[in-house]
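Reading the structure
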Amino acid sequence: MASITMKDLVKAYGDTEVLHHIEGDINDGEFIVIVGPSGCGKSTLLRMVAGLETVTSGEISIGDKVVNKLEPADRDIAMVFQNYALYPHMSVRENMAYGLKIRKIAKAEIDRRVREAADILEIGQYLDRKPRQLSGGQRQRVAMGRAIVRNPQVFLFDEPLSNLDAKLRVQMRLEIRKLQQRLGVTSIYVTHDQVEAMTLGDRLMVLNGGYVEQFGTPIELYDRPATLFVAGFIGSPSMNFLPAEAKDGTLTLGNGATVSGGGHSTGAVTLGIRPEHLMHDENGPIGISVQMFEQLGANTLLHGVLEGTDTEIVASMPGHVSTGEGSVMRFSAEASVLHVFDAASGKRIEE
Amino acid sequence: MIENRPILNMISHAVLILGVVIVALPIWITFVAATHDPVRMTQAPIPMLPGGYFWENFTQTLFGGGLSGTESAPVWRMLLNSMMMALMISFGKIAISLLSAFAIVYFKFPFRMGFFWLIFITLMLPVEVRILPTFQVIADLGMLNSYWGLSIPLIASATATFMFRQVFLTIPDEMLESARIDGAGPLRFFWDILIPLSRTNIAALFVILFIYGWNQYLWPLLITTETDMTTIVMSIKQMLEAAEQSPQWNIIMMTALLAMIPPVFVVVAMQRLFVQGLTETDK
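Criteria and thresholds
Here the residue numbers are simple positions, counted from 1 along each chain's written sequence. Chains carry letters from A onward and ligands carry numbers from 1 onward, assigned in written order. Restriction of local features to residues with pLDDT of at least 70 applies here, the model being predicted, together with a cutoff of 80 or more for giving and counting side-chain atom pairs; totals for whole chains, interfaces and linings are based on all residues. Calculated side-chain values reflect all of the structure's heavy atoms, with hydrogen atoms and water omitted. In the sections that follow, a salt bridge refers to a side-chain nitrogen of Lys or Arg positioned within 4 Å of a carboxyl oxygen of Asp or Glu. A run of H or I in DSSP counts as a helix once it spans at least four residues, and a run of E counts as a strand once it spans at least two, with each numbered from the N terminus. Per-residue accessibility, obtained with a 1.4 Å probe over protein chains only, is compared with the maximum for each type, and a residue is labelled buried under 20%, exposed over 50%, and partly exposed between these values. By convention a nonpolar core is built from buried Ala, Val, Leu, Ile, Met, Phe, Trp, Tyr and Cys residues, the set being connected through side-chain atoms within 4.5 Å. Note on contacts: a residue pair is in contact if any heavy atoms of the two residues lie within 4.5 Å. The term buried area means the drop in 1.4 Å probe accessible area that two parts suffer when joined, counted for both and summed. Between N or O atoms, a polar contact is any pair within 3.5 Å; within protein, one atom must be a potential hydrogen donor and the other a potential acceptor, and residues adjacent in sequence are included only when both atoms are from side chains. Basically, the charged four are Asp, Glu, Lys and Arg, the nonpolar ten are Ala, Val, Leu, Ile, Met, Phe, Trp, Tyr, Cys and Pro, and anything else, Gly included, counts as polar. Pairing of aromatic side chains here covers Phe, Tyr and the six-membered ring of Trp, requires ring centres within 6.5 Å, and sorts the geometry by plane angle: under 30 degrees stacked, over 60 edge-to-face, intermediate tilted. Working rule: Lys NZ or Arg CZ, within 6 Å of ring centre, within 35 degrees of ring normal, means a charge sits over the ring. As annotated, the domain borders come from an automatic or database domain assignment.

**A closer look at the pattern of salt bridges**
Residue and element names in this part refer to chain A. Enumeration according to the criterion identifies 19 salt bridges over all chains in this entry. Glutamate 159 is the partner of lysine 42 in a salt bridge, and the nearest nitrogen-oxygen pair spans 3.8 Å. Of this pair, lysine 42 sits in helix α1 (residues 42-50) while glutamate 159 is found in the loop between β7 (154-158) and α5 (166-183), placing the two residues 117 residues apart along the sequence. Across the pair, exposure class does not vary: lysine 42 and glutamate 159 are buried alike.

This is the structure we're talking about:
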């Protein structure tokens, strides 16, 4: 078991810097999810920890050891790849035992560990099959089994669920979480799926364009997003952003309506309100010209624009609502759930 | 295409049978000629049905002096020479091109693409083009009349290197990364992962290269002067011109028949792997 420290980490290909001065401390046994849109550098960061990409500058330590120059095999890590990367010509058993065999571990010990991992993952009856005879979910388990038998200090997951269908993904997500809690191994998990990130991670590192936008617990990110990017990325459906003017504790929206809040700012700001925080209220300040309803069963998503402007806005209402298209519905939101961001920098303005 | 039309079936069968006859007729004549006595083979018309001399011709060809009145080696010796040459060429080519493709695909070194193109350019230099300098080199190395001399100049292979390069490029990078995390060094990765994954391609290439080696004519003719080192393909031609007598067709045809057997055996034995190697894409 080990902690991981990233200090001033930079990755550049030639003159193009793709990761900019990443800082992060990961505690022993923690489950960290790195999340961000495609091309944000999250996989590169993970591969640097794994040792598959070189470090341009900065420092990565696993435990107390700086591992910048170590081969992947010497870092005491195990990695699960997106396409599983199982050796197609070896049986499941051989796949799992290969790393141990290279480390010259005694045969009886290898057998014991493979058996044990197979029991944990319930793949005992497939041990003598070839990977191509297995379904996607089973291959996924074998890939995890290969990681477990090594008994590493760190697990690295590179979008391991993206090749599975939606139902299996939810199921495997839970299993990965349970497994990690049971084994207590420090883990880094890369995904672009914010639901996966929210449900799996002890803490989330949100990356955008090679910068860390925010690094915190899922609830912190949801309740107090540090930037517009995080606010828009975390939560589904994503947050509404309304341009506003702040003055003396009052926010004036584009159509002249006023909402109280934003006491610590003056000038152009962006007001963020999550769809689930908009409450239907006949006397509310926010009027929405309704364009369409989306029925989700448990609740209804109302799509429209802020009355008198063309700022798109989404509200989530409990139960079934289906009448009122074309009309204006009024909403209010409590001051405590309003998020105010600086319009120019996109940074959060604390209340 | 699955169509249920009797006329079409009959026509396609007729075409197929015609094709088989055209391909098989020369082989049938070879076989028939190998079963008659020498006198019968000089009379017109040539026989179309087997005669009764198969075993006599067989033993005389394989163990006797071959053609009577000449000093050629017995055919079993030529078969052995050809076999050694073909095997050395095919194993040598496979080993060298596997290693060079491995280097080109998986290692970053200066002038990597330069080396690749150098190898590739040798495609334009078959044995016939470089035959004089190659002969000089082999003669200076004292390799005339030896198995080394027969096979080494033919071992370097751009085609096979190129093919293995393409095979290696289809193997996903994650396989290498996963092996690195498992602690496999480059040679270990080569042996444990790359070779098993290119197994079918190796088999397909072996078939092609074995036949290529077996059918070598010009080069063995050039560097073997002792009758003990002649290969079977070149000796068939020599038999035709041997002595100042009319060709002994029964013996020549028996030799041709014997020369056909090893390549046919290799193709039949490796047919399944051969087809897989050329068509399989699943990695």
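From this point, the discussion proceeds with the structure in view.
**Brief notes about the nonpolar core**
Ranked by size, the top nonpolar core spans 51 residues in total, and within it Leu98, Tyr106, Phe168, Ile193 and Leu194 of chain B carry the most contacts. Here this core takes 10 residues from helix α4 (residues 75-106) of chain B, the largest share from any one element. Residues within four places of tyrosine 106 of chain B in sequence aside, it is in contact with Phe168, Ile171, Leu176, Phe189 and Leu194 of chain B. Judged by nonpolar contacts, the second largest core, of 43 residues, contains Val92, Leu121, Met144 and Phe155 of chain A.

**Quick notes on the interface of chain B and chain A**
Opposite the 18 residues of chain B that make contact, chain A presents 25 residues. Where chain B abuts chain A, roughly 1800 Å² becomes buried across the two surfaces, and 58% of that area is made up of carbon and sulfur atoms. When the buried surface of chain B facing chain A is broken down by residue, Arg180, Ile181 and Asp182 of chain B rank first, second and third, together holding 39% of it. Where chain B packs against chain A, one counts 3 salt bridges. For the interface between chain B and chain A, the tally reads 13 residue pairs in polar contact (both at pLDDT 80 or more). Looking at the side of chain B that touches chain A, the elements that each hand over two or more residues are α9 (173-182) and α10 (186-197) of chain B. Of the residues forming the side of chain B that touches chain A, the biggest block, 8 residues, is contributed by α9 of chain B. When grouped by side-chain class, the residues that make up the side of chain B that touches chain A number 8 nonpolar, 2 polar and 8 charged.

**A word on the packing of aromatic side chains**
Under the counting rule described, the total for this entry stands at 28 aromatic pairs over all chains. Between phenylalanine 102 of chain B and phenylalanine 190 of chain B, the aromatic rings sit 4.7 Å apart at their centres with planes inclined by 35°, giving tilted as the arrangement. Taken together, the residues phenylalanine 102 of chain B in helix α4 and phenylalanine 190 of chain B in helix α10 connect sequence positions 88 residues apart. We classify phenylalanine 190 of chain B as buried; its relative accessible area is 5%. Ring pairing ties together the aromatic residues Phe102, Tyr106, Phe107, Phe164, Phe168, Phe189, Phe190 and Trp191 of chain B, which thus form one cluster. The ring of phenylalanine 215 of chain A is capped by arginine 203 of chain A, whose NZ or CZ atom sits 4.4 Å from the centre of that ring.

**Section: the domain arrangement of chain A**
Residues and elements named next belong to chain A. The domain boundaries assigned to chain A delineate domain 1 (4-230) and domain 2 (241-342). Summarising the inter-unit geometry, the C-alpha centres of domain 1 and domain 2 are found 39 Å apart. Contacts between the two partners involve 7 residues from domain 1 and, on the opposite side, 7 residues from domain 2. Buried surface at the junction of domain 1 and domain 2, both sides included, amounts to about 570 Å², of which 60% is carbon and sulfur. The largest per-residue losses of area from domain 1 upon contact with domain 2 belong to Tyr222, Pro225 and Leu228, which jointly make up 86% of the total buried on that side. Applying the counting rule to domain 1 against domain 2 returns 0 salt bridges.

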